[in-house]
Amino acid sequence: MMAATVDANNLPYADGDFYAFEQLLSDAERERLQEVRDFLAKEVKPIAADYWNRAEFPMELIPKIAELDVMSPVRRQGHSNLFAGLLHAEFTRADTSFATFMGVHDGLFTGSLELLASDEQKERWLPDVYAMKKIGAFGLTEPLGGSDVAGGTRTTATRDGDHWVLNGAKRWIGNATFSDWVVIYARDVADNQVKAFLVDTATEGYRASKIENKISLRSVQNADITLENVMVPDEFKLAHGNSFKDTNRVLKVTRLAVAWQAVGQQLAAFDIARRYAVERMQFGRPLASFQLVQEQLTQILGNAVASTGMMVRLAQLEDAGQAKDEQSALAKAFTTARMRESVAIGRSLLGGNGIVTDYEMAKVFADAEAIYSYEGTYEINALVTGRSITGISAIV
């Protein structure tokens with residue numbers, strides 16, 4: 001006898017919020033989150049796989065997301081860090097590439113200005129950034145410097161009268177093929193300190209070339225940047241970006257955003273796997289009727305719930321001004337490890353259909369690899385955490 005069909009949309013916990021974390025938001029924040037969720041379902045999800053397959057970015061979405069007005073939800077709009085985190089998870093749930101675009105422009109770039117610019121600089125630059133009239137990028141990672149960039153920044157800045165001269169190269173810089181501005185972190189040759197500069201991408205000597213042949217975040221326009229005697233006026237040096245300690249103020253916050261991306265990836269994997277298991281018929285029965293399949297779905301959900309619970313508490317600590325670097329590091333390491341496990345289970349559950357983007361899981365599976373690596377690799381974040389609990393650094 002054939003099993004009865006089930007409407008996957010009308011099942012309990014179809015939203016994946018198994019422990020009702022969203023109830024911790026205010027009524028206004030829940031309404032706003034749903035508004036954004038509806039926007040993503042209408043505007044982003046239907047086109048995400050096509051742009052991912054073509055390795056192109058949907059530029060037409062920029063004015064639409066500007067109109068939605070989600071920039072700087074905490075500092076500018078006064079929302080909680082929990083709302084900001086769940087918002088970023090929802091962007092990722094819809095499409096990790098688009099979420100990464102937002103993470104670069106609204107997180108790394110805008111965060112650099114909000115945290116490191118003077119009040120006068122912020123008044124001059126941020127209105128166009130918030131309105132998305134100016135799109136930004138964040139230039140820290142280098143061709144020969146990733147995890148060791150704190151002490152190994154090779155890009156140099158030399159003071160020359162009322163200008164600075166930048167020389168060097170950056171790699172993996174998201175948005176950089178089309179951004180208007182980029183914050184470049186460069187080592188001042190005079191005092192050997194890493195400093196921050198706002199660079200107009202039309203400046204002579206600045207070049208950005210797209211990195212091709214990626215298997216992850218294919219819609220993100222990552223670039224190799226070269227800087228050859230790029231002249232930056234002194235008023236475009238970020239006033240409070242004078243050492244890597246200052247840079248780390250930005251990274252502490254954006255590392256949390258990447259951990260929230262890991263939550264969003266797991267929710268996406270759960271969405272796809274659950275729907276597939278309920279609707280896919282094998283041996284005359286839905287896949288979901290098999291015990292092992294239910295166990296796999298439960299594992300994905302458990303990973304997602306555990307990751308979300310950690311992030312909820314960390315958001316509360318952030319709101320209280322008590323969050324620490326090592327807590328961000330542990331969150332990034334833990335959630336991305338659980339994410340990697342979750343998307344692998346989801347890909348396996350879809351069988352052969354799990355390796356084509358038609359069923360979405362292949363894209364989710366591939367995009368997880370980038371999240372696992374950027375904003376500090378799993379290993380580096382584990383060692384930062386390890387140093388805090390042993391008092392001994394294992395990082396050379």
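Given the structure is predicted, the values throughout are model-derived calculations rather than measurements.

Draft legend 1. Inspection of the pattern of salt bridges at higher detail. Summed over the entire model, instances satisfying the criterion amount to 24 salt bridges. The shortest N-O distance in the salt bridge between Asp 234 and Arg 159 comes to 3.6 Å. Here Asp 234 is found in the loop between β7 (223-233) and α7 (244-279), whereas its partner Arg 159 is found in strand β2 (residues 156-160), with 75 residues between them in sequence. Looking at Asp 234, the relative accessible area reads 27%, which means it is partly exposed. Lys 195 is paired through a salt bridge with Asp 188; the nearest N and O atoms lie 2.7 Å apart. The same class applies to Lys 195 as to Asp 188, namely buried. A network of salt bridges, in which partner residues are shared, links Glu 22, Arg 37, Glu 90, Arg 93 and Asp 271.

Draft legend 2. Focus on the side chain of Asp 17. For Asp 17, the position within the fold is in the segment before α1 (27-54). The side chain of Asp 17 sits in the buried core without any salt bridge; Arg 37 is the nearest counter-charge, 6.8 Å away.

Draft legend 3. Broad picture of the pairing of strand β4 (residues 181-188). Extensive coverage of β4 is indicated by the burial of seven of its eight residues. Bridge count between strand β1 (residues 136-139) and β4: four bridges; the pairing is parallel. The partner of Gly 139 across the bridge, within β4, is Ile 184. As paired elements, β4 and strand β5 (residues 194-200) share seven bridges and run antiparallel to each other. Each residue of the ladder has a partner; that of Arg 187, found in β5, is Val 194. From the end of β4 to the start of β5, which pair antiparallel, there are five residues, and Asn 192 there has a positive phi angle of about 65°.

Draft legend 4. Main features of unusual backbone geometry. For Asp 69, which is not a glycine, the phi torsion comes out positive at approximately 60°. As for its position among the elements, Asp 69 is in the loop between α2 (61-68) and α3 (81-94). In this structure Asp 69 comes out as partly exposed when scored by relative accessible area, which is 30%. Unusually for a residue other than glycine, Glu 360 sits at a positive phi of about 75°. Here Glu 360 lies in the loop between α9 (325-349) and α10 (361-373). Judged by relative accessible area, Glu 360 falls into the partly exposed class, the value being 31%.

Draft legend 5. The arrangement of the packing of aromatic side chains in detail. Evaluated as defined, the whole model comprises 14 aromatic pairs. In this structure an aromatic cluster arises from ring pairing among Phe 57, Phe 91, Phe 98, Phe 101 and Phe 178. One cation-aromatic arrangement involves Arg 54 over Tyr 51; the distance from NZ or CZ to the ring centre is 4.5 Å.

Draft legend 6. Main features of the packing of α7 against α10. α10 packs onto α7 with a crossing angle of 165° between their chain directions and a minimal axis gap of 10 Å. The pairing of α7 with α10 is recorded here as roughly antiparallel in orientation. Like other packed secondary-structure pairs, α7 and α10 cross with a definite hand, here left-handed. Residue-level inspection shows Val 258, Gln 261, Ala 262, Gln 265, Ala 268, Ala 269, Ile 272 and Ala 273 of α7 in contact with α10, the latter providing Met 361, Val 364, Asp 367, Ala 368 and Ile 371. Here the residues of the contact of α7 with α10 sort into 10 nonpolar, two polar and one charged.

Reading guide: rules and limits
- Residues numbered from 1 in each chain as written.
- Predicted model: local features only at pLDDT ≥ 70, side-chain atom pairs only at ≥ 80, totals over all residues.
- Heavy atoms only, no water.
- Salt bridge = Lys/Arg side-chain N within 4 Å of Asp/Glu carboxyl O.
- Helix = DSSP H or I, 4+ residues; strand = E, 2+ residues; numbered from the N terminus.
- Buried < 20%, exposed > 50% of the residue type's maximum accessible area, 1.4 Å probe, protein only.
- Lys, Arg positive; Asp, Glu negative; His and termini not counted.
- Pairing = 2+ DSSP bridges.
- Phe/Tyr/Trp six-rings, centres within 6.5 Å; stacked < 30°, edge-to-face > 60°.
- Lys NZ or Arg CZ within 6 Å of the ring centre and 35° of its normal.
- Axes fitted to C-alpha atoms, helices over the stretch in contact; angles between N-to-C directions.
- Parallel < 35°, antiparallel > 145°, perpendicular 65-115°, else oblique.
- Left-handed = near helix turned anticlockwise from the far one by under 90°.
- Contact = heavy atoms within 4.5 Å.
- Nonpolar A, V, L, I, M, F, W, Y, C, P; charged D, E, K, R; others polar.

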